Structure formats: structure tokens, C-alpha cells
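Secondary and tertiary structure notes
Listed below, chain by chain, are the residues.
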Amino acid sequence: RCADGAALRWCISATLCASFLGLGMSIAVLGPTFPTLAANVGKNVSDIYYIFVGRSLGSLGGSVLGGVLLDCMNASLLLAFSMLGTAAGLYVIPWCNQSLVLTILMSVIGGSMGILDTGANVLALYTWGSEVGPHLQALHFSFAAGAFLAPMVAQMDSGSSKSEELAGAEKTNQSVLRSVPTASAASTTPAPNDHHNESFLWSYIFIGTYILLVSIFFFVLFSKSSSAKDKSKASAQKDKLAKYHWPLVGLLFVFFLFYVGAEVTYGSYVYTHAMVFAEMKESEAAALNSVFWGAFAVCRAAAIFGAAFLSPATMIVMSLLCSAASSTALAFFSHLRAALWVGSAVYGASMATIFPSGIAWIEQYTVVEGKTASLFVVGAALGEMCIPVAVGYFQGKYHHVPVVMYTAFVTSMVTMLLFPAMYKLANWPQQREAQEVSDRETRKTLLSNCRLTEDEEEEEEQHVREWNDADFEVVEMNDELKNSLMDTSHRIPGASPAELSLQPHLDNALGDPPVVADGSPRRQNGSIDWEKSE
């Protein structure tokens with residue numbers, strides 16, 4: 001049974017990674033196929049930006065809904081239905097010729113992806129518990145791998161080079177708005193030819209079929225692990241929530257908002273920044289973008305093994321320090337090409353492990369249920385929606401200011417301040433308990449010392465009483481001796497009581513037996529008898 005349980009857990013992890021591979025492809029495929037989508041609905045690329053908004057809102061709603069449903073039904077079953085919804089949307093999109101219908105389909109797909117994003121993290125926590133670190137890293141690496149493969153899938157039957165440029169800004173975690181700058185740059189792209197339309201059609205069918213197959217595996221897992229999941233969930237709910245559970249969740253919500261927002265913003269605008277501020281060529285800017293996402297993917301792959309040896313807190317601290325150092329260099333030295341290349345690579349690597357490490361870290365201190373995990377995903381989604389839009393607005397208003405690099409620097413500083421606050425809050429109850437235990441031990445020690453002092457005083461009083469009793473005995477013996485001498489003095493003529501009382505003491509001091517007038521001493525059995533001389 002133990003072997004079967006271990007095999008089942010590994011099957012769950014493998015299926016989750018396969019689902020995130022499909023999630024990455026589903027999100028990233030929109031970039032290279034965006035011009036064809038616009039042509040199908042008879043719009044320019046710049047006129048259908050609202051499909052990203054629709055997908056973002058669907059993702060937010062799906063995350064919240066998934067958090068609620070995860071506490072009511074089996075996680076494997078929920079993920080199976082969410083992937084069925086994603087596959088159905090991908091099958092329909094290639095034939096969609098109405099912008100409103102396209103937006104609705106994008107919202108449905110976004111909702112399904114939000115449920116998958118929330119449910120996969122929670123199911124991994126349910127399955128592995130405190131050993132979840134490497135499995136969460138593998139899960140999110142699969143997303144990056146899917147985003148990397150999507151442009152290749154979209155270009156299997158096409159040699160279009162412009163579509164490759166459009167794919168540059170799409171390789172990120174849960175990206176929804178980062179394609180807007182790239183898509184806007186392609187607004188002058190001519191309508192795709194029939195050959196490109198055929199490639200677009202089969203890429204969506206291919207990804208949809210893959211996701212459909214993964215959903216079948218989730219149905220199989222549901223039939224095998226329904227009772228196991230319920231037991232795991234029940235055991236998790238037996239654990240007591242942290243004393244500051246919701247404040248801790250709120251801080252991590254804000255933490256993910258700034259982290260994911262910074263990740264998406266840099267991936268979206270580094271291409272434009274390189275061309276405007278560093279005066280790079282298009283090929284160089286595209287290569288710089290690839291360096292950022294390549295370092296991101298490689299570091300996520302390395303984190304799978306690193307998480308087996310390093311604690312989540314250690315990985316977060318290392319990532320934050322590298323992020324702060326690289327963002328500082330980018331903010332103040334990005335006009336230097338060497339600093340831009342090195343800084344982009346280090347910044348991408350530092351962003352790779354924070355999200356999965358954050359979830360694994362908070363699981364050590366409190367119970368992460370569906371609603372809790374949904375808040376993390378919502379925070380990440382809000383960050384990738386709001387921060388890139390704000391950066392785009394200010395960059396358009398202040399053309400000569402590197403807003404992108406300053407944003408990377410500010411968000412790095414914010415996350416550097418948030419994590420120590422979260423760590424202190426998470427360990428605060430334990431520190432208080434340790435202090436209370438120390439106080440109790442101190443009180444016990446003081447009480448023990450007090451008892452010892454009281455015992456010593458009682459012993460001293462006992463000694464005093466014994467000495468007093470001894471003195472009383474001596475006094476009584478002296479009285480008896482005095483009475484005896486008085487009686488003897490009455491019987492012996494010519495001897496006064498004073499002489500008889502003083503003589504024994506003098507004789508004892510001199511060491512000679514007492515001699516009485518007209519008598520000689522005689523010892524019998526250690527005593528002296530007085531005999532009268534005749």
C-alpha cells in the first residue's frame with residue numbers, strides 16, 4: 001500500500017506538470033497568432049486589445065471560483081473540468097469571426113486557466129505537504145517550458161519571421177497584458193496569407209488536443225485518488241491556522257502583486273527599452289529579451305533540485321538579494337550595454353523561484369486551502385494587469401525617463417521590505433511561546449530556590465532547638481549536681497557547700513582525684529567513693 005501511495009503521488013505530480021505545460025502553451029500561443037486573430041474578426045491589431053482584458057478578468061474570476069470550489073469538491077475532478085473548458089475554447093477560437101464572441105471565448109479560457117492555476121498549487125500541497133518544494137518548482141518550470149514551446153508550435157507550418165518577433169514578450173508566468181506593446185508594434189502587419197492561417201489553425205488544434213488528453217488523466221486520478229484526497233484534506237484541516245493567518249496571507253498577496261507585476265513589466269518592455277535607451281538593433285533587443293526569459297527558465301529548472309536542499313525562506317532571500325542588486329544596476333547603469341545584458345540575465349534568474357517558493361514557505365506556518373491559494377493567484381493577476389499598464393502610461397508621458405528600470409528597482413525594494421515583515425509575523429507566535437516557556441522556567445527556578453531557602457531556614461531552626469534542648473539538659477544536670485553536693489555537705493562535718501562545689505572543678509582542671517580531709521579516694525568502676533579515716 002505504501003508503494004501504491006507513493007506511485008500515485010508521483011502520478012499526480014506528473015499530471016500537474018503536464019497541465020502547466022499546456023497552460024504555458026495556451027497563454028503564449030496568443031502572441032504569434034495575434035495578427036491572424038485580428039484578421040479573422042476584421043479588426044486591426046491595435047483595436048482588439050480588449051481580448052487581453054477579457055482574459056484577465058476571466059482569470060481573476062476563475063481564481064476566486066476555483067478557491068471556493070476546491071473546498072467543496074475533489075481537486076482532480078475540478079482540474080479535469082477546467083482543462084476541458086480550456087480545450088473547448090481553443091478548438092472554437094480558430095473559426096471565430098466576431099470580436100465580441102472572441103472576447104467571451106478568451107474570458108472562458110482565462111477562467112479555466114485561473115481555476116487550473118489555483119487548483120494545481122493546492123493539489124500539490126495536499127499531495128506532498130512539507131515536501132512540496134521541489135514539486136512546486138517543477139510545476140512552474142513546466143509553465144515556462146510551455147511558454148517556450150508555444151511559438152515553435154505556432155510556426156510549425158510557417159516561416160513567418162514577424163510572428164517570431166511577436167512571440168518574444170510572451171514567455172512569462174500568467175501573462176495577460178504583456179503582449180499589448182508587442183501587438184501594438186505589429187499593428188501595421190499586413191493581413192496573414194492562407195498559409196499562415198492554416199498554421200494558426202493547426203497550432204490551436206494541437207494545443208487543444210494536448211490539453212484534452214491531460215484532462216483524461218485527471219479523470220483517471222479522480223477515480224483512483226478521490227478518497228486519498230479527502231483524507232489528505234481532512235488531515236490538513238486538522239492543523240491549526242496560524243494566529244495571524246489572514247494578515248500573513250494579506251502581506252503575501254501584496255508581495256505577489258509587486259513580484260509578478262515586475263516580472264511581467266520587464267518582460268513586456270525590455271525590448272522597447274533596449275531599442276530606445278540603449279539604441280540596440282531589433283535583433284539585439286530580441287536577443288536581450290530571450291536572455292531574460294532564458295535565464296528565467298534555466299533557473300526554474302535548477303530550482304527543482306535546489307529546493308531539495310534549501311529551505312523556501314533561503315531561496316526567497318537569495319532571489320531577493322539578486323533581484324535588488326540587478327535592478328539597482330539596471331536602474332542606474334542601463335545605458336551601458338554590458339550592464340543591461342548582465343543585469344537582465346541576473347534579474348530574470350532572480351525572479352524564477354519566488355512564486356513557488358513563496359507558496360511553499362507559507363505552507364510551513366499555516367494551512368493553505370483553496371480560498372487562500374486563490375488570493376495568491378488573484379494578487380499575481382492584479383499585479384500583471386495593473387503595473388504594466390501604469391508603466392506604459394508613464395513611459396508614454398515621460399519619454400526620456402527609463403520608467404521600466406525604475407519600476408524594477410522600486411518593486412525590488414518593496415519586496416525586500418515585505419518579506420522580513422512576513423517572516424517576523426509568521427514567527428511571532430513561536431517567539432512569544434518560547435518567551436513564555438522561558439518565563440515559566442525562570443519562575444520554577446525561583447520557586448525552587450525559595451523552597452531550598454525555606455528548607456535551610458527550617459534546618460537552622462531545628463539546630464537551634466536542639467542546642468536549646470541540650471542547654472536545658474546541662475542546666476538540669478547542674479541543678480542535680482548542686483542538690484547532690486548540698487546533701488553531701490550536710491552529711492560531712494567541717495565541709496562547707498562552697499568548698500565541695502568548687503573542689504571538683506579544680507580537681508578536674510588539675511587532673512588529680514579529689515582528696516578530702518580525713519579521707520582517701522578509692523576508685524570503683526570509674527567513680528570515686530569517699531571513705532572516712534578512722
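Since the model is a prediction, treat every value here as computed from it, not as a measurement.

1. Some remarks on the overall build of the chain
Scanning the chain from terminus to terminus reveals 17 helices and two strands. Within the span of the chain, comprising 534 residues, buried residues form 46% of the whole. The long-range share in the chain, meaning contacts at least 24 apart out of those at least 6 apart in sequence, stands at 81%. Total accessible area on the chain stands at roughly 26,100 Å², and carbon and sulfur atoms take up 63% of it.

2. Description of the nonpolar core
In terms of nonpolar packing, the biggest core is built from 105 residues, with Leu16, Phe218, Phe255, Tyr266, Leu340 and Trp361 touching the most fellow members. The greatest single-element share of this core, amounting to 14 residues, is contributed by helix H5 (residues 99-128). Counting contributing residues, this core receives three or more from each of domain 1 (1-157 + 198-226) and domain 2 (244-457). Every residue in contact with Tyr266, bar those within four places of it in the chain, is listed here: Phe292, Leu330, Leu340, Ser344, Tyr347, Val404 and Met405.

3. What to know about the packing of helix H6 (residues 133-154) against helix H14 (residues 354-362)
In the contact formed by H6 and H14, the axes pass within 9 Å of each other and the chain directions differ by 150°. Considering the angle they form, H6 stands roughly antiparallel to H14. Here H6 and H14 pass one another in a crossing that is right-handed. In contact with Gly133, Leu136, Gln137 and His140 of H6, H14 contributes Phe355, Pro356, Ser357, Ile359 and Ala360.

4. Quick word on a nonpolar patch on the surface
Taken together, the side chains of Phe332, Phe333, Leu336, Tyr393, Phe394, Tyr398, Val401 and Tyr406 define a hydrophobic patch exposed on the protein surface, amounting to about 780 Å² of accessible area. Among the elements of the structure, helix H12 (312-333) and helix H15 (370-397) are those that each provide at least two residues to the nonpolar patch.

5. Section: the pattern of salt bridges
Using the criterion set out here, one finds two salt bridges in the structure. In this structure, the salt-bridge partner of Lys371 is Asp71, at a minimum N-O distance of 2.9 Å. One end of the pair, Lys371, is in helix H15; the other, Asp71, is in the loop between helix H3 (50-70) and helix H4 (75-92), and 300 residues separate them in sequence. Residues Arg337 and Glu284 are paired through a salt bridge, measuring 3.4 Å at the closest nitrogen-oxygen approach. Of the two residues, Arg337 sits in helix H13 (residues 337-351) while Glu284 sits in helix H11 (residues 282-306), which places them 53 residues apart along the sequence. A residue is classified by how much of its surface remains accessible, and Arg337, at 36% relative accessible area, is partly exposed. Residue Glu284 is classed as partly exposed on the basis of its relative accessible area, which comes to 27%.

6. Examining empty space enclosed by the protein
Applying the stated criterion across every chain yields a total of six cavities of 30 Å³ or more. Here the second largest cavity defines a volume of roughly 60 Å³. Looking at the lining of the second largest cavity, the elements with two or more residues in it are helix H10 (245-276), H12, H13 and helix H16 (403-491).

7. Digging into unusual backbone geometry
The phi torsion of most residues other than glycine is negative, and most of the peptide bonds are trans. Even without being glycine, Glu279 reaches a positive phi, approximately 55°. Residue position: Glu279 is located in the loop between H10 and H11.

8. Notes on H12
Spanning 22 residues, H12 covers 31 Å between terminal C-alpha atoms, matching the ideal 32 Å at 1.5 Å per step. When we look at burial in H12, the residues that qualify are Pro312, Ala313, Met315, Ile316, Ser319, Leu320, Ser323, Ala324, Ser326, Ser327, Leu330 and Ala331.

9. Quick notes on the environment of Ala75
Structurally, the position occupied by Ala75 is in helix H4. By relative accessible area, Ala75 is classed as buried at 0%. When the C-alpha atoms of Ala75 and Phe218 are compared, they prove to be 9.2 Å apart, with 143 residues separating the residues in sequence.

10. With respect to the packing of aromatic side chains
Under the criterion given, the structure shown has 17 aromatic pairs. Judged by centre distance (5.5 Å) and plane angle (90°), the rings of Phe81 and Phe219 are edge-to-face. One end of the pair, Phe81, is in helix H4; the other, Phe219, is in helix H9 (residues 194-238), with 138 residues separating them in the sequence. Classification of Phe81 as partly exposed rests on a relative accessible area of 47%. With a centroid separation of 5.7 Å and 80° between ring planes, the pair formed by Phe256 and Phe376 is classed as edge-to-face. Separated by 120 residues along the polypeptide, Phe256 in helix H10 and Phe376 in helix H15 bring together distant segments of the chain. One aromatic cluster is present, formed by Tyr266, Phe292, Trp293, Phe296 and Tyr347 through successive ring pairs.

11. Things to note about the environment of Lys43
Tracing the sequence through the fold places Lys43 in the loop between helix H2 (30-40) and H3. Given a relative accessible area of 37%, Lys43 falls into the partly exposed group. Along the primary structure Lys43 and Gln98 are separated by 55 residues, whereas in three dimensions their C-alpha atoms are 9.6 Å apart. Excluding residues that lie within four positions of it along the chain, Lys43 makes contacts with Ala38, Ile48, Tyr50 and Ser99.

Here is what the cut-offs are and how they apply
Residues numbered from 1 in each chain as written. Predicted model: local features only at pLDDT ≥ 70, side-chain atom pairs only at ≥ 80, totals over all residues. Heavy atoms only, no water. Helix = DSSP H or I, 4+ residues; strand = E, 2+ residues; numbered from the N terminus. Buried < 20%, exposed > 50% of the residue type's maximum accessible area, 1.4 Å probe, protein only. Contact = heavy atoms within 4.5 Å. Areas by Shrake-Rupley, 256 points an atom, 1.4 Å probe, with all protein chains shown as cover. Core = buried A, V, L, I, M, F, W, Y, C linked by side-chain atoms within 4.5 Å. Domains from an automatic or database assignment. Axes fitted to C-alpha atoms, helices over the stretch in contact; angles between N-to-C directions. Parallel < 35°, antiparallel > 145°, perpendicular 65-115°, else oblique. Left-handed = near helix turned anticlockwise from the far one by under 90°. Patch = residues over 30% accessible without salt bridge, like charges linked within 9 Å, V, L, I, M, F, W, Y side chains within 5 Å. Salt bridge = Lys/Arg side-chain N within 4 Å of Asp/Glu carboxyl O. 1 Å grid on protein atoms, 1.4 Å probe; cavity = no way out; pocket = protein on both sides within 12 Å on 5 of 7 lines; lining within 4 Å. Points joined across faces, edges and corners; volume = space filled by probe spheres on them. Expected span 1.5 Å × (residues − 1). Phe/Tyr/Trp six-rings, centres within 6.5 Å; stacked < 30°, edge-to-face > 60°.

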